[in-house]
Protein chains: 8
Amino acid sequence: QRRGIPEGIFAAGKTAPQVVALAETALETTGRALITRADDAQIEALESNLLESFPDATLERWSTTVLVRAADAERPSLDATVGIVTAGTVDGPVADEAAAVCRDAGVTIDRVDDVGVAALDRLLDQLERLREADVLIVAAGREGALPTVVAGLVDSPVIGVPVSSGYGHAGDGEAALAGMLQSCTILSVVNVDAGFVAGAQATLFARTLDRART
Amino acid sequence: QRRGIPEGIFAAGKTAPQVVALAETALETTGRALITRADDAQIEALESNLLESFPDATLERWSTTVLVRAADAERPSLDATVGIVTAGTVDGPVADEAAAVCRDAGVTIDRVDDVGVAALDRLLDQLERLREADVLIVAAGREGALPTVVAGLVDSPVIGVPVSSGYGHAGDGEAALAGMLQSCTILSVVNVDAGFVAGAQATLFARTLDRART
Amino acid sequence: QRRGIPEGIFAAGKTAPQVVALAETALETTGRALITRADDAQIEALESNLLESFPDATLERWSTTVLVRAADAERPSLDATVGIVTAGTVDGPVADEAAAVCRDAGVTIDRVDDVGVAALDRLLDQLERLREADVLIVAAGREGALPTVVAGLVDSPVIGVPVSSGYGHAGDGEAALAGMLQSCTILSVVNVDAGFVAGAQATLFARTLDRART
Amino acid sequence: QRRGIPEGIFAAGKTAPQVVALAETALETTGRALITRADDAQIEALESNLLESFPDATLERWSTTVLVRAADAERPSLDATVGIVTAGTVDGPVADEAAAVCRDAGVTIDRVDDVGVAALDRLLDQLERLREADVLIVAAGREGALPTVVAGLVDSPVIGVPVSSGYGHAGDGEAALAGMLQSCTILSVVNVDAGFVAGAQATLFARTLDRART
Amino acid sequence: QRRGIPEGIFAAGKTAPQVVALAETALETTGRALITRADDAQIEALESNLLESFPDATLERWSTTVLVRAADAERPSLDATVGIVTAGTVDGPVADEAAAVCRDAGVTIDRVDDVGVAALDRLLDQLERLREADVLIVAAGREGALPTVVAGLVDSPVIGVPVSSGYGHAGDGEAALAGMLQSCTILSVVNVDAGFVAGAQATLFARTLDRART
Amino acid sequence: QRRGIPEGIFAAGKTAPQVVALAETALETTGRALITRADDAQIEALESNLLESFPDATLERWSTTVLVRAADAERPSLDATVGIVTAGTVDGPVADEAAAVCRDAGVTIDRVDDVGVAALDRLLDQLERLREADVLIVAAGREGALPTVVAGLVDSPVIGVPVSSGYGHAGDGEAALAGMLQSCTILSVVNVDAGFVAGAQATLFARTLDRART
Amino acid sequence: QRRGIPEGIFAAGKTAPQVVALAETALETTGRALITRADDAQIEALESNLLESFPDATLERWSTTVLVRAADAERPSLDATVGIVTAGTVDGPVADEAAAVCRDAGVTIDRVDDVGVAALDRLLDQLERLREADVLIVAAGREGALPTVVAGLVDSPVIGVPVSSGYGHAGDGEAALAGMLQSCTILSVVNVDAGFVAGAQATLFARTLDRART
Amino acid sequence: QRRGIPEGIFAAGKTAPQVVALAETALETTGRALITRADDAQIEALESNLLESFPDATLERWSTTVLVRAADAERPSLDATVGIVTAGTVDGPVADEAAAVCRDAGVTIDRVDDVGVAALDRLLDQLERLREADVLIVAAGREGALPTVVAGLVDSPVIGVPVSSGYGHAGDGEAALAGMLQSCTILSVVNVDAGFVAGAQATLFARTLDRART
Ligand SMILES: Nc1ncnc2c1ncn2[C@@H]1O[C@H](COP(=O)(O)O)[C@@H](O)[C@H]1O
Ligand SMILES: Nc1ncnc2c1ncn2[C@@H]1O[C@H](COP(=O)(O)O)[C@@H](O)[C@H]1O
Ligand SMILES: Nc1ncnc2c1ncn2[C@@H]1O[C@H](COP(=O)(O)O)[C@@H](O)[C@H]1O
Ligand SMILES: Nc1ncnc2c1ncn2[C@@H]1O[C@H](COP(=O)(O)O)[C@@H](O)[C@H]1O
Ligand SMILES: [Mg+2]
Ligand SMILES: [Mg+2]
Ligand SMILES: [Mg+2]
Ligand SMILES: [Mg+2]
Ligand SMILES: [Mg+2]
Ligand SMILES: [Mg+2]
Ligand SMILES: [Mg+2]
Ligand SMILES: [Mg+2]
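Residues numbered from 1 in each chain as written. Chains lettered and ligands numbered in written order. Predicted model: local features only at pLDDT ≥ 70, side-chain atom pairs only at ≥ 80, totals over all residues. Heavy atoms only, no water.

### So, the overall build of chain A
Where we set the bar: Strands here mean DSSP runs of E at least two residues long; helices mean DSSP runs of H or I at least four residues long; both are numbered from the N terminus. To get the radius of gyration, use the C-alpha atoms; to get the globule rule, take the number of residues to the power 0.38 and multiply by 2.2 Å. The buried label goes to any residue with under 20% of its type's maximum accessible area, the exposed label to any with over 50%, and the partly exposed label to all in between, with areas taken from a 1.4 Å probe on protein chains only. Residues count as neighbours in contact if any of their non-hydrogen atoms are within 4.5 Å of one another. The accessible surface values rely on the Shrake-Rupley method and a 1.4 Å probe; as for residues, cover is taken only from the protein chains in view.
Tallying secondary structure elements over chain A gives 8 helices and 9 strands in all. Radius of gyration (C-alpha) of chain A: 17 Å, near the 17 Å computed for a compact globule of 214 residues. Over its C-alpha atoms, taken along the principal directions, chain A stretches across nearly 50 × 50 × 30 Å. Across the 214 residues in chain A, those meeting the buried criterion constitute 63%. The long-range fraction of contacts in chain A, counting pairs at least 24 apart against all pairs at least 6 apart in sequence, stands at 67%. Here chain A has roughly 7400 Å² of accessible surface; of this, 47% comes from carbon and sulfur atoms.

In structure tokens form, the structure reads like this:
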């Protein structure tokens, strides 16, 4: 694809062999495959079958996201740091999608987990790290207040990612999305659970920054 | 009414004479009148006409809310403090409704304004005052994150009041309401702009507390 | 957590071993574990595995909610009564969540079941009990009218809990939530099925009251 | 129209002369005109202009609804009683629409006002009257609990009419509509503010009943 | 229950033994049991287990609805006819719920199936039968136009029942519900799939009519 | 524009001089101007000011839609007939928008008004005319049943246009839109009140047909 | 059915034997059967069982859609071309429904796949083919931009089909539907995933065109 | 504010003197004032009254947005270019908000107007300019397809701004917002009409880039 972001393979709703086949094609044509929303069976299939056909490929896994790279795939390195921040455990897999896209592009990642607004001191303890990133991706579910609070504490751009946790009224990520769109601090936003998109947007910025720095 | 909360007179959509007439009846039958969502013309009419008929009555005004009490109306005093907190200027009139109900009941009010989450240090500066209240009413619009953050910092119960500010998607207070219902800290909530209800609920708490203390 | 409310372990969507592991950690670090929305298999696992590791712990179960307390966990007792009221059988598990939080805190609970507005005389028969509670939690599904009616009959604060029963238009608890937010009597409200939150909010008030009384 | 219900003239959004012209045509062709949602200017125009052209016609007014009948229009009388019940003042004009349709058809009307569920004793005081009606129309806004409660107390069919009062979340009658559709007692329902439709449906019942009785 | 309508046992989401147990209790205490939304396994359990305990009871089944009556249960007969009309096959089980309630009460039922508006001549062929009913229940899914059209052709009251068929935008019965509420002919309406409620409302009217006739 | 449909000038929310200026530009550059949703003042301004600048132009008006054509504008004539059908008076202006686009293109229009489903015989009386059109545009508000019924009676394609009449739940044309999308007969649909779009779509088909015929 | 479009058999939610039985009846009475939304098991059952009973029938399959035609069924041929266009792989089965209806009617189909707006050059490469069709069906999910873009490039009518792909906010086809209804180019639209309806509407156009051409 | 973005003064709903007073305070305390959503009267008041008090200040206006800077206010210049793109005239004022924030920060702006997807060649003609910007803000209403298409053509990050144009279903910018969230190309998004937020987010990017470049 034009922008150098790999096509993600969205595993949910596909059979394990379908996922492996799509990953094989991606590996062959582009040297890498990025699989998101995979379950354990699909990941096992990738680990056994895919690595059989491509014995020299490397496979990295973050919860439900998998990045496979051919031995000879180019491994870029960009002079830019993306902070990836989560409010709680449930936000992890969504942040992992973002991390995988950044990793593929060679962005430096600074991951800060479990700093949701219910325990503000844990967040404030990480303030210096948050301020050092060039751009921040902040994932939060339920009421999704974390990106709003972070964007009041740092000078760099913040991309909010609403997560589909919660239950009852607006519990499928809609409360978090609405809150981020209404944020009283400056945010741009992606769709619910769209860690992939947030990672890609941060990567596009990182690449511009890398060119400016080098 | 059974619970000792005055019937509010909802002025929006009524003519000034209608509002005055309703207030007169309330004054006559209960010794006080609480008027909410009044505009300047309605308040002027109350000030000139109502005080003409009831020259000894006292009239207090908070932005769009007015409390009139007959000279001989009982003026209770309760041994309990309600903290009333706003995120920004736009939340003022909604908080004023709550304050008027508390004032009528003789609750001690501690008002803390303009401590929205975009400037967290202003909020943290007020932490001791917030921790001293017996119960807190926190009004916030847009993404409505303030009650969530406050409830992570204090031990007393917090009642969230979503305010109908904001624009675009979920901008009529719906984002704030959804966020408070999904809050990752413990809150109970009232409807959008329902400062009156929050004030009444806090008053019911305060009265029970007063009885326990005296 | 600051406010002395245990972190609930939300069992829905977790495996039985995950639930047991989380409960073990909670028991070790805080002396108790509160598990909500557990199914039979998860509860059996708790009963056999958890009590094996902590043979002196006590386990109490209310439908889908489980409270485990270490032998040496402190068992507080608060001088305050929370009335927990349901409209019908389907509201039971939601009320049980509230009860478990109150129980953990040592609040006196007065439980009144099956007094929905379709049979008003059953409700009126319980009026004296309802009036004696310091604060009331009222859970109701479908049209959710019960908290509104109760709040017209008592002087203490009422917290409404909408329950996700019903079907068709707004049948997932949305009708009940909307009705409680629009209530013509004074209520504060929590999210659909959020018995846990209602119990915690009532507990915070009970604790303040206990301090006032003792 | 086939069913003997007059075409209502929906005045909202029309000019006074348009309303008068439509009413004249209705009077000429059917001997009567039923005008709903009229404001004061439109009603004055009807009173002066219409009664000038039809000096022998009679004009009855209920808040925003007007029924004009030619001197020689048939004035039926049906042996059936429709109870028309409101929760509060704001529900009056909606109930008046229903009353006008029933009145035109010659149904006996028993009107019971201001018996909302916030003051249950006022409702219970009217129980005998409510039980004597052949069919009940119950109009209520905000949370719309009244028809549900009434339908638990009587044996005759109840038609619920949600009223567009309230504010904030679902405050345009949507909460009341949702609640009536989810009612835990037996109701059928019409659209928000559709007093006209409720009156017509009750009239159709009443006419069948009249034929059975005579 | 006061109104003589049996409590329906909503089988969906219950185990077969639970359904049987609830039905046994109902049979013992009221002489009959009405089970709705039952699947084949639940119905088989009712047929084998329930009839074992109550060998003289009779069991009638209409698709997913079952009516069991004790040998000595009273079998009333009312002098009134309810027309039950469906647009298509998919509306059958919803209409069956209505039919079972009417059957239990002894109402005469005239069932007219498969006369949806896509084939208007089939509907017009049944016009005489439709006109002879005292009250009509009309169930339709997708766009739900059938009750509107029927109510333009008959003089008796029509109760519309939206059915949760269809797919895509508003495909869960919401389009049909909205259309019936907006109907340009006179209808009252029940919730999506609420055949039970429609049957009960028609029965209440039929009983009044029966008293008038006898 | 590529497809030969004029750019409509949407007058709502513009001043009369703005509308005239836009119409002048359109006349100059394309020889014609099509103005929709114009009020009386805007239309008077067009009639006096525009015709002053372009004295030989012709102006045609249908309720709120105006078509102005320069003296030398080409006046095509297509060998194809579009039936334009309305349910009631309120649908007229929306149908007029469609008619104006068709008229501009030289399509033969067969207009059939006031044949809503509440009076089915008026519709059936027009059946032969409806069956002769090459394509039908059917506009209806409230429950929007008319296009569904028409499409069950004719062999040609039907384009449904939901109209924003009605009130209460889904009363802004949403019920009609949802119903047309769920139609049990074959329809394609345009947005609420989008008579312009329906007219343009019918014109595109008419032009293809004209080419086939000549 | 009047319009010569076969009744589709909607397989989703039916058992394989039910689908086979419905298909048999259709084959017997109309000489063909069109089955949509079938899964592999249902299609295998059709292939083995149905072709056993009707050994001379032909069965064609496109992903989840199956068209069976008796040996002696008429096989019409229409002088008209429908372009069927998809944005991506996920839109294939929806487009296949449309194709099957067109195929049954003898329309010439020009299928253009995988030309979504993310890779505009692939779309522009197919422009000549798109411009040669008499009418276009364009299926797209997620944001559903493709029909809008296509309709800006061709002169023939375009029917948009929103597809229920996507996730998060409005991810069930609602974003695509809303976008097509709001399109800044001329479109008519069918419901989400309603390939069947789009194919039928295009066929009705094609049949009129064929009559004009021959 | 920490991030160096001025507090905007949201003029809608304020009186002209209020707006002037807020602008005066802003000028005094920060050396500049940024007023958004101002009408002609408010802007005239700013031009006459404000410039009277601050005769050396400069005032720049873009449709409804005004930027006033004191004579001695710092006028930064950043080595970064933001492309600001609109689909049509109606999107202008929203884009102007973005432009004013960028202008205040000294960002180079490249504005490209009226390149909506209905006329794709106009967009493709500007491709080189679009590709040269460091970051793009793309504002579009109705179906909001433009940001999606642009993001498929350039390598830099794109921020989509949905505009509240359109009518009927989802016509208040909701269709555009939903489409941008579902975009099949990489976008981040701000709320409907939130040009201010988009401009601020782009400025934060630009400032980081400027630091990297200098
Ligand atoms: N039934 C419940 N209702 C509301 N919150 C809960 C419930 N059960 C657990 N929680 C809280 O939800 C948060 C996330 O829980 P978990 O998903 O287990 O990490 C924790 O703060 C719990 O205290
Ligand atoms: N208040 C009302 N509620 C419901 N329908 C009404 C009401 N008033 C008039 N109608 C009906 O609405 C339709 C359109 O009325 P109009 O807008 O006056 O042409 C007619 O069938 C009237 O009988
Ligand atoms: N994929 C489809 N999309 C739209 N309508 C369909 C589809 N498949 C079948 N139908 C129609 O849906 C109606 C009900 O189908 P069924 O549920 O099989 O009785 C019939 O009129 C079918 O022609
Ligand atoms: N056009 C705008 N879009 C988004 N935020 C704005 C806009 N204009 C002002 N603001 C911000 O909205 C908040 C409230 O503004 P105000 O209502 O004027 O007090 C402040 O933080 C402003 O910076
Ligand atoms: Mg959070
Ligand atoms: Mg806030
Ligand atoms: Mg209830
Ligand atoms: Mg009420
Ligand atoms: Mg139907
Ligand atoms: Mg209609
Ligand atoms: Mg697409
Ligand atoms: Mg656009």
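### Points about the environment of D:Val107
Locating D:Val107 in the fold gives a position in the loop between helix H3 (92-105) and strand S6 (108-112). The spacing of D:Val107 and D:Asp91 is 16 residues in sequence and 21 Å in space, taken between C-alpha atoms.

### Quick word on the site of ligand 2
In plain terms, the rule: A molecule or strand has a residue near it when one of that residue's heavy atoms lies within 4 Å. For this classification, Asp, Glu, Lys and Arg are treated as charged, while Ala, Val, Leu, Ile, Met, Phe, Trp, Tyr, Cys and Pro are nonpolar and the rest, including Gly, are polar.
What surrounds ligand 2 is the set D:Glu7, D:Gly8, D:Ile9, D:Phe10, D:Lys14, D:Thr36, D:Arg37, D:Glu97, D:Phe196, F:Arg142 and F:Tyr167. Positioned at a junction of chains, ligand 2 has nearby residues supplied by chains D and F. Within the shell around ligand 2, the residues separate by chemical class into 4 nonpolar, 2 polar and 5 charged.

### Comments concerning the relation of the copies chain H and chain G
How we decide: Here the copies are superposed with least squares, the fitted atoms being C-alpha atoms of residues at a pLDDT of at least 70 in both.
With an RMSD of 0.0 Å, chain H superimposes on chain G once it is rotated by 180° and translated 0.0 Å along the axis. Taken together, the turn and the small shift mark the pair as related by a two-fold rotation axis. A share of 100% of the interface residues of chain H reappears at the interface of chain G, consistent with the copies meeting face to face through the same patch.

### So, empty space enclosed by the protein
Just so we agree on the cut-off: Detection works on a 1 Å grid of protein atoms alone, calling trapped sets that fit a 1.4 Å probe cavities and calling open sets with protein on both sides within 12 Å along at least five of seven lines pockets, with lining residues defined by an atom within 4 Å of a point. Grid points are joined across faces, edges and corners, and a volume is the space filled by probe spheres set on the points.
Applying the stated rule across the entire model yields 11 cavities of 30 Å³ or more. In this structure, the largest cavity spans a volume of roughly 90 Å³. Residue composition of the lining of the largest cavity, by class: 8 nonpolar, 4 polar and 1 charged.

### Here's the deal with the sheet that holds strand S4 (residues 65-69) of chain D
Note on sheets: strands pair through backbone hydrogen bonds, and any given pair is parallel or antiparallel. All names here are of chain D. Put simply, the test is: One requirement defines pairing of two strands: DSSP has to find at least two bridges between them. Working convention: axes come from line fits to C-alpha atoms, limited for helices to the stretch in contact. Angles between N-to-C directions cover 0 to 180 degrees.
Strand order in the open sheet formed by 4 strands is S1-S2-S4-S3, and the pairing between neighbours is mixed. In this open sheet, the two edge strands, each paired with only one partner strand, are strand S1 (8-10) and strand S3 (58-62). Going across the sheet, the axis of each strand differs from the next one's by a mean of 20°, ignoring polarity. With 5 bridges connecting them, S3 and S4 associate as antiparallel partners. Its bridge partner lying in S4, Leu 59 is registered against Val 68.

### Topic: the pairing of strand S2 (residues 32-36) of chain A
Residues and elements named next belong to chain A. Where we set the bar: Seen with its strands pointing away from the viewer, a crossover is right-handed when the path leading from the first strand over the helix to the second is clockwise.
Of all 5 residues in S2, 4 are buried; the element is thus mostly enclosed. Across 3 bridges, strand S1 (residues 8-10) lies against S2 in parallel orientation. Note that in S2 the partner of Ile 9 across the bridge is Ile 35. Taken together, S1, helix H1 (residues 16-30) and S2 form a β-α-β motif whose crossover is right-handed. Where S2 meets strand S4 (residues 65-69), 4 bridges bridge the pair, whose relative direction is antiparallel.

### Focus: the interface of chain A and chain H
Stated formally: In what follows, salt bridge is the name for a side-chain nitrogen of Lys or Arg lying within 4 Å of a carboxyl oxygen of Asp or Glu. Within 3.5 Å is the distance limit for a polar contact, defined as a pair of N or O atoms, with the added protein rule that one can donate a hydrogen and the other accept it, and that residues adjacent in sequence qualify only through two side-chain atoms.
Taken together, the contact pairs 32 residues of chain A with 32 residues of chain H. Taken together, chain A and chain H are joined by 0 salt bridges. For the pair chain A and chain H, the interface holds 7 residue pairs in polar contact (both at pLDDT 80 or more). If you list the elements that add at least two residues to the side of chain A that touches chain H, you get strand S8 (158-162), helix H7 (174-181), strand S9 (188-189) and helix H8 (195-213) of chain A. Looking at the side of chain A that touches chain H residue by residue, the classes come out as 19 nonpolar, 7 polar and 6 charged.

### Thoughts on the site of ligand 3
Ligand 3 sits among E:Arg142, E:Tyr167, G:Glu7, G:Gly8, G:Ile9, G:Phe10, G:Lys14, G:Thr36, G:Arg37, G:Glu97 and G:Phe196. In this structure, ligand 3 sits where chains E and G come together, each supplying nearby residues. One of the side-chain nitrogen or oxygen atoms of G:Lys14 is found 3.0 Å away from an oxygen atom of ligand 3. G:Glu97 is positioned with one of its side-chain polar atoms (N or O) 3.0 Å from a nitrogen atom of ligand 3. Top contributing element to the shell around ligand 3 by residue count: strand S1 (residues 8-10) of chain G, with 3 residues. Of the residues belonging to the shell around ligand 3, the class tally is 4 nonpolar, 2 polar and 5 charged.

### Focus on the packing of aromatic side chains
Each pair of aromatic rings is reported with the distance of its centres and the angle of its planes. The test is simple: Whether two aromatic rings pair depends on their centres lying within 6.5 Å, for rings of Phe, Tyr and Trp, where Trp uses its six-membered ring; planes under 30 degrees apart make the pair stacked, over 60 edge-to-face, and the rest tilted. Two conditions define a charge located above a ring, namely a distance within 6 Å from the ring centre to NZ of Lys or CZ of Arg, and an angle within 35 degrees of the ring normal.
Counting across every chain of the model gives 12 aromatic pairs over all chains. Judged by centre distance (5.6 Å) and plane angle (15°), the ring pair of B:Tyr167 and H:Phe10 falls under stacked. Here H:Phe10 lies in strand S1 (residues 8-10) and B:Tyr167 lies in the loop between strand S8 (158-162) and helix H7 (174-181), a pairing that spans two chains. Sitting over the ring of G:Tyr167, A:Arg37 keeps its end group 4.4 Å from the ring centre.

### Looking at the interface of chain H and chain G
The condition is simple: Reported buried area values correspond to the accessible surface (1.4 Å probe) lost by two parts on association, with both partners' losses combined.
Each partner contributes to the interface: chain H provides 26 residues, whereas chain G provides 26 residues. Approximately 2000 Å² of surface area, both sides summed, lies buried where chain H meets chain G, with 66% of it carried by carbon and sulfur atoms. Here chain H is connected to chain G by 0 salt bridges. In this assembly, chain H and chain G are joined by 10 residue pairs in polar contact (both at pLDDT 80 or more). Of all elements in the fold, only helix H4 (120-125), helix H6 (146-151) and helix H7 (174-181) of chain H reach the threshold of two or more residues within the side of chain H that touches chain G. Looking at the side of chain H that touches chain G element by element, the count peaks at 5 residues for H7(H). Along the lines of polarity and charge, the residues of the side of chain H that touches chain G split into 13 nonpolar, 10 polar and 3 charged.

### Structural notes on the packing of helix H3 (residues 92-105) of chain E against helix H8 (residues 195-213) of chain E
Residue and element names in this part refer to chain E. Our working rule: The crossing is said to be left-handed when, going from far helix to near helix, the turn is anticlockwise and less than a right angle, and right-handed when the turn is clockwise.
The geometry of H3 relative to H8 is characterised by a closest axis approach of 7 Å and an angle of 30° between their N-to-C directions. Seen along the crossing, H3 lies across H8 with a hand that is right-handed. Along the contact surface, H3 presents Val 94, Glu 97, Ala 98, Val 101, Cys 102 and Ala 105, while H8 presents Gly 195, Phe 196, Gly 199, Ala 200, Thr 203 and Arg 207. For the contact of H3 with H8, a count of residues per class yields 7 nonpolar, 3 polar and 2 charged.

### Thoughts on the nonpolar core
One broad trend across soluble globular proteins is that nonpolar side chains are buried collectively. To be explicit about the condition: Among buried residues, those of type Ala, Val, Leu, Ile, Met, Phe, Trp, Tyr and Cys that are joined through side-chain atoms within 4.5 Å constitute a nonpolar core.
A:Leu146, B:Leu146, C:Leu146, D:Leu146, E:Leu146 and H:Leu146 are the most contacted members of the largest nonpolar core, which has 222 residues in total. Setting aside residues up to four positions removed in sequence, B:Leu146 forms contacts with B:Val85, B:Thr86, B:Ala87, B:Val115, B:Gly116, B:Val117, B:Leu123, B:Val138 and B:Ala140. One finds B:Leu78, B:Leu204, C:Ala80 and C:Leu204 within the second-largest nonpolar core, a separate group that totals 74 residues.

### Quick word on the environment of H:Ser188
Among the secondary structure elements, H:Ser188 is positioned in strand S9 (residues 188-189). Assessed through its relative accessible area of 1%, H:Ser188 is described here as buried. Spatially, the C-alpha atoms of H:Ser188 and H:Pro157 are 8.2 Å apart, while their sequence positions differ by 31 residues. Within polar-contact distance, the side chain of H:Ser188 engages the side chain of A:Ser188 at 2.8 Å.

### Here's the deal with the arrangement of the chains
At the level of C-alpha atoms, the two units chain A and chain F stay apart, their nearest approach being 20 Å. Separating chain D from chain H is a minimum C-alpha gap of 18 Å, and the two share no contact.

### Quick notes on the side chain of E:Ser183
Mapped onto the elements of the fold, E:Ser183 is located in the loop between helix H7 (174-181) and strand S9 (188-189). The exposure class of E:Ser183 is buried, given its relative accessible area of 5%. Non-local contacts of E:Ser183, meaning those with residues more than four positions away in its chain, are made with E:Thr148, F:Arg142 and F:Glu143.

### A look at the sheet that holds S1(G)
Residue and element names in this part refer to chain G. Here 4 strands make up an open sheet; going across it, the order is S1-S2-S4-S3 and the pairing mixed. Taken across any chain shown, the strands that pair with only one partner, and hence form the sheet edges, are S1 and strand S3 (58-62). Strand-to-strand, the axes of this sheet are offset by a mean angle of 20°, without reference to chain direction. Of the strands in this sheet, strand S2 (32-36), S3 and strand S4 (65-69) touch helix H3 (residues 92-105), which is tilted by about 15° from S4.

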